[in-house]
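One-letter residues, chain by chain:
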Amino acid sequence: MSKTDLLKSLYSEYSSEFEGNEIVLGEGNVDAKILLIGEAPGKDEVRLSKPFVGAAGKNLNEFLDILNVKREDIYITNSIKYRLSKLNPESGRVINRPATKNEININQRYLLEEIKIIKPLFIVTLGNVPLKAVTGIPEVSVGKVHGSIMKVDIAGSGFDLYPLYHPASIIYNRSLKEVYINDILKLKSILLDEIL
């Protein structure tokens, strides 16, 4: 089976298991050398049925511009492929919420299978949720490991993992902006040596 067929089958199983949720599946180049993993889709992603659009998309574009890589050259997905939402009691609006430990765990096998199918040279995680899901280490923190290559084993295959802060964290904590940009520049120099 081709990678596309394997992903189609995996996504079909995922959509059945999590039916009733606002699901946004991964997309991009199935032969990508870089796999970018976020946490979960937001309202813009659900509306357009596409990962990393809206505010997240602007941050992604900045990331791609620094690396000098096009969106169609990478594969983009989320650890949890449905919107995590709750009702804001003050405004009455539906807002995003953090992932629970259980949600990370029940979605993990699909994410690891996705990685095995795509077989990227580099996995880039954005934030703690994908970092925990890929490594399987609940206590790991992006604050401690960002900006450096980690080796991970997924079903007997070794992968290079490069953890970054989630771009949304920069919005809430401006002091992280410089760290985030420096980490991307460091990734660029690694990629230049390896694939670019």
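Residues numbered from 1 in each chain as written. Predicted model: local features only at pLDDT ≥ 70, side-chain atom pairs only at ≥ 80, totals over all residues. Heavy atoms only, no water.

(A) Quick look at the overall build of the protein. When you go through the protein residue by residue, the secondary structure sums to 8 helices and 8 strands. Relative to the 2.2 N^0.38 estimate, which gives 16 Å for 196 residues, the radius of gyration of the protein is 16 Å and therefore close to what a compact globule would have. C-alpha extents for the protein along the principal axes are approximately 50 × 45 × 30 Å. Within the protein, the fraction of its 196 residues that count as buried is 44%. Expressed as a percentage of contacts within the protein between residues at least 6 apart in sequence, the contacts between residues at least 24 apart total 67%. Total accessible area on the protein is roughly 9,900 Å²; 50% of this is exposed by carbon and sulfur atoms. When the 25 positive and 25 negative side-chain charges of the protein are each reduced to one mean point, those points stand 3 Å apart. (Helix = DSSP H or I, 4+ residues; strand = E, 2+ residues; numbered from the N terminus. Rg over C-alpha atoms; globule rule 2.2 N^0.38 Å. Buried < 20%, exposed > 50% of the residue type's maximum accessible area, 1.4 Å probe, protein only. Contact = heavy atoms within 4.5 Å. Areas by Shrake-Rupley, 256 points an atom, 1.4 Å probe, with all protein chains shown as cover. Lys, Arg positive; Asp, Glu negative; His and termini not counted. Charge placed at Lys NZ, Arg CZ, Asp CG, Glu CD.)

(B) Local environment of the sheet that holds strand 2 (residues 34–38). The strand order across the open sheet formed by 6 strands is 1-3-2-6-8-7, and the pairing between neighbours is mixed. A single partner strand is all that each edge strand has here, and the edge strands are strand 1 (27–28) and strand 7 (150–154). (Pairing = 2+ DSSP bridges.)

(C) Summary view of the side chain of Asp183. In this fold, Asp183 is placed in helix 8 (residues 176–194). Of the side chains with opposite charge, Lys186 lies nearest to the buried Asp183, which makes no salt bridge, at 4.5 Å. A polar atom in the side chain of Asp183 sits 2.5 Å from the side chain of His146. The contact partners of Asp183, leaving out residues within four places of it in the chain, are His146, Gly147, Tyr162 and Leu164. (Salt bridge = Lys/Arg side-chain N within 4 Å of Asp/Glu carboxyl O. Polar contact = N/O pair within 3.5 Å; in protein donor to acceptor, adjacent residues only side chain to side chain.)

(D) Fine view of unusual backbone geometry. With phi around 55°, Ser49 is a residue other than glycine that occupies positive phi space. Here Ser49 is to be found in the loop between helix 2 (43–48) and helix 3 (54–67). Non-glycine residue Lys119 carries a positive phi angle of around 55°. If you trace the backbone, Lys119 turns up in the loop between helix 4 (101–118) and strand 6 (122–126). Exposure remark for Lys119: the relative accessible area of 57% places this residue in the exposed category.

(E) Examining the packing of helix 1 (residues 3–17) against helix 4 more closely. The contact between helix 1 and helix 4 brings their axes to 10 Å, and the two run at 170°. On the basis of the axis angle, helix 1 is roughly antiparallel to helix 4. On helix 4, the residues that touch Lys3, Leu6, Leu7, Leu10, Tyr11, Glu13, Tyr14 and Glu17 of helix 1 are Asn107, Arg109, Tyr110, Glu113, Glu114, Ile117 and Ile118. Taken together, the residues of the contact of helix 1 with helix 4 sort by class into 8 nonpolar, 1 polar and 6 charged. (Axes fitted to C-alpha atoms, helices over the stretch in contact; angles between N-to-C directions. Parallel < 35°, antiparallel > 145°, perpendicular 65-115°, else oblique. Nonpolar A, V, L, I, M, F, W, Y, C, P; charged D, E, K, R; others polar.)

(F) Just the pattern of salt bridges, in detail. With the rule as written, the count across this model stands at 11 salt bridges. A salt bridge links Glu27 to Arg71, with the shortest nitrogen-to-oxygen separation between them at 3.3 Å. Of the two residues, Glu27 is situated in strand 1 and Arg71 in the loop between helix 3 and strand 3 (75–78); the sequence distance between them amounts to 44 residues. For the salt bridge of Lys81 with Glu114, the shortest nitrogen-to-oxygen distance reads 2.8 Å. Here the residue Lys81 occupies a position in the loop between strand 3 and strand 4 (85–87), and Glu114 occupies one in helix 4, the gap between them amounting to 33 residues. The pair formed by Lys81 and Glu114 is uniform in burial state, with each residue classed as buried. Several salt bridges share partner residues, and in doing so they unite Glu13, Glu17 and Arg109 into one network.

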